[in-house]
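Residue-level structure breakdown
For reference, the chains in residue letters:
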Amino acid sequence: MKKSHRTWMTNKAFLLIMPGLLVFLFFNLYPIAYSVYLAFTNANFYNIMGKYSIIGLENFQKILFHPNTRFYYSLERTVLFVLTSVPLKVAFGVALAVLLNSAVIRGRALFRSLLILPWTLPAVLSILMWRGLFNMDFGAINKILMSMGFPAINWLNDTLNAFIAYNIVEVWLAYPFMMTVVLAALQSVPPELYDSAQIDGAGRLQRLRYITLPLIFRPLWFATILTSNASFQAFLVPYLLNGGGPARTNEFVILYGYKEAFQIGEFGYAAAFMVIISLIIMAFMYVGMKVGRMTSEE
Amino acid sequence: MKSKMKIKVSRKIIMAIIATTIAAVITGVLLFPVYWIITSSIKPYASLYTTRFELIPRQITFDAYNWVFFKSNFFLRLRNSLTVSILTTIFTLILVVPAAYAFSRFKFFGKDKLLYGYLAFTQFAGGLGITGLIALYAILAYLNLLNSLVVLAIIYAAGGVPFNTWLLKTYFDTIPKDFDEAALVDGASYLDVMWRILLPISKPGIATVAVFSFMGGWTEFIVAQTILNPENYTLPVELYRLMGQYETPWNQFAAMALLFAVPVVVMYMVAQKYLQAGLAMGGVKG
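Residues numbered from 1 in each chain as written. Chains lettered and ligands numbered in written order. Predicted model: local features only at pLDDT ≥ 70, side-chain atom pairs only at ≥ 80, totals over all residues.

**Quick word on the packing of helix H3 (residues 71–101) of chain A against helix H10 (residues 204–232) of chain A**
All names here are of chain A. Running from N to C, H3 and H10 point in directions that differ by 140°, and their axes come no closer than 9 Å. By the criterion of interaxial angle, the relationship of H3 to H10 is oblique. Seen from above, H3 lies across H10 with right-handed handedness. Together, Thr78, Phe81, Val82, Ser85, Val86, Lys89 and Val90 of H3 and Thr224, Thr227, Ser228, Ser231 and Phe232 of H10 make up the contact between the two elements. Considered class by class, the residues forming the contact of H3 with H10 number 5 nonpolar, 6 polar and 1 charged. (Axes fitted to C-alpha atoms, helices over the stretch in contact; angles between N-to-C directions. Helix = DSSP H or I, 4+ residues; strand = E, 2+ residues; numbered from the N terminus. Parallel < 35°, antiparallel > 145°, perpendicular 65-115°, else oblique. Left-handed = near helix turned anticlockwise from the far one by under 90°. Contact = placed C-beta atoms within 7 Å. Nonpolar A, V, L, I, M, F, W, Y, C, P; charged D, E, K, R; others polar.)

**Remarks on the environment of Leu16(A)**
Its location among the elements puts Leu16(A) in helix H1 (residues 2–38). Classification of Leu16(A) as buried rests on a count of 23 C-beta atoms within 10 Å. Apart from the residues within four sequence positions on either side, Leu16(A) is in contact with Pro98(B), Ala99(B), Tyr101(B) and Ala102(B). (Buried ≥ 20, exposed ≤ 12 C-beta atoms within 10 Å, placed from the backbone.)

**Focus on the domain arrangement of chain B**
All names here are of chain B. Segmenting chain B into domains produces domain 1 (2–65) and domain 2 (69–282). Measuring from the centre of the C-alpha atoms in domain 1 to the corresponding centre in domain 2 gives 36 Å. Taken together, the 9 residues of domain 1 in the interface contact 9 residues of domain 2. Put simply, the parts of the chain that give the side of domain 1 that touches domain 2 at least two residues each are helix H1 (2–40), helix H2 (45–48) and helix H3 (63–70). Ranked by the residues each element gives to the side of domain 1 that touches domain 2, the list is headed by H1, at 3 residues. A class-by-class count of the residues in the side of domain 1 that touches domain 2 yields 6 nonpolar, 2 polar and 1 charged. (Domains from an automatic or database assignment.)

**Some remarks on the nonpolar core**
In terms of nonpolar packing, the biggest core is built from 142 residues, with Leu128(A), Val182(A), Leu241(A), Ala271(A), Ile134(B), Leu239(B) and Ala257(B) touching the most fellow members. Here this core spans two domains, since at least three of its residues come from each of domain 1 (2–65) and domain 2 (69–282) of chain B. Setting aside residues up to four positions removed in sequence, Leu241(A) forms contacts with Ile127(A), Trp130(A), Arg131(A), Leu156(A), Ala162(A), Ala165(A), Tyr166(A) and Val169(A). (Core = buried A, V, L, I, M, F, W, Y, C linked by C-beta atoms within 7 Å.)

**Observations concerning the packing of helix H4 (residues 74–105) of chain B against helix H6 (residues 149–173) of chain B**
Packing of H4(B) against H6(B) brings their axes to within 6 Å, and their N-to-C directions diverge by 35°. For the crossing formed where H4(B) meets H6(B), the hand is right-handed.

**Re unusual backbone geometry**
Look at the link from Gly245(A) to Pro246(A): it is a cis peptide, with omega at 0°. Examined against the element boundaries, Pro246(A) turns out to sit in the loop between helix H11 (236–242) and helix H12 (253–264). Positioned with a positive phi, Ala247(A) is a non-glycine residue whose angle comes to about 50°. Among the structural elements, Ala247(A) can be located in the loop between H11 and H12. By C-beta crowding, Ala247(A) is classed as exposed, having 10 other C-beta atoms within 10 Å. At Asn147(B), a position not held by glycine, the phi torsion is positive, near 60°. Examined against the element boundaries, Asn147(B) turns out to sit in the loop between helix H5 (111–142) and H6. In this structure Asn147(B) comes out as partly exposed when scored by C-beta crowding, with 14 C-beta atoms within 10 Å.

What follows is the structure in structure tokens.
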């Protein structure tokens, strides 16, 4: 009696879960598995309907060892972007959070809700808006520079300048997230801690070093891991600003994989490329989360 | 003694003025792009293409909005975007509400494994997006399902299943089980419990899921651009076309872009109360 009731409950539960699970499996997990399979084939835009064949490790060989491979260049560019944009995002987010957390500022709630605005705007709109601002001839940035007597800068049609523009936009898009995380962490520090430290004779710097930093370290670490991941996977920023150009010189890895598939039409090669990139991302996330948990358990 | 206090007070005021000014200047600089796109949409065409920097518009015109409403294909894009977003919301609720109910109230084999599988997916999902998209395109081409707004909405709903199921499940968990057990004893069916008891109390949780899925469909760009043909493009893809492929005048782009953003901003403001309650109760519990 009891047992049959339990089986009935289990069946009922599966019935309720199945629709979501099946749709998820079909549209998310199955394509990923299928992409792994495509990575070992010569699938391209013309034979994708079924006439492609398995070619073993050829795609991986081409990506990793072919003399003309763009893999290392693209990876290098992407890592460089992580190394420049992440410190900027963290520094900016922390600085703004500290500023907003200081008691002397009037209207803190207003500043906070205004500064969060870039977060609420759709990314496509924000990035295209910046594309207009960076326009060589009529963009606001060059207009301001010229009104101050500087020459106009060719922002988006120059490899280095475009890379700088990506950083500016990435920081603008991500600082509200960093700021919010750090601000929440700062506000969770009990004020009594500061008071008693002050009574014990701790100076401003000591209080920062021994109270504030240890208490905000954990949330800041996880936010940094997440935002590093976002930088590594930057796609919309380069794609919408100038297509990763000029002349494919700023194609970060995800953008490169996307273009190989949907503009060049090399599905097999692109799938192999994305499999390698996905493995790198998963390894990075796994290590980052592990380290975060280890340090916070101490 | 008295004068010393006075000095201290006035020093405090000066500090407040300085700090507040710094905050105001930083905020102004950071929000300048938004100010610029808003004013650009009401500037006359000619003033946009001079090299002179004009912080406050000298002349105001609604030409650009006139173009959006009467000469562009805005309403076609709007219809496509609304179709996708509304369908995404409906599909999401159909897929997620029963599942969240089962995860919250029933014990069954493999429940924890499935839940943690969902959680792991939400953590790694981003990187796998384009990887999966390559094969998804091939699969849809094979099944002759490309260029369909309905399919696009199902893809969005499917991608949101793990996150939304977690969100709503943890929300249901906060509702005491005594409620539904009492109803079950009184002879109500499980469907009654879900429909008449859980759903009405869970409005904030449901609203959160609905708003998130609507926004997801409204703002998504990559998948829409990849699987749709130009006649079915949604608003974000159209905005990219205006800016990237055609040299559309900046004021016209600005006007359409702002109209595209209005529902997002309004929804955030209207739903903020619900969203915060929903997220606070259901959000990050694990």
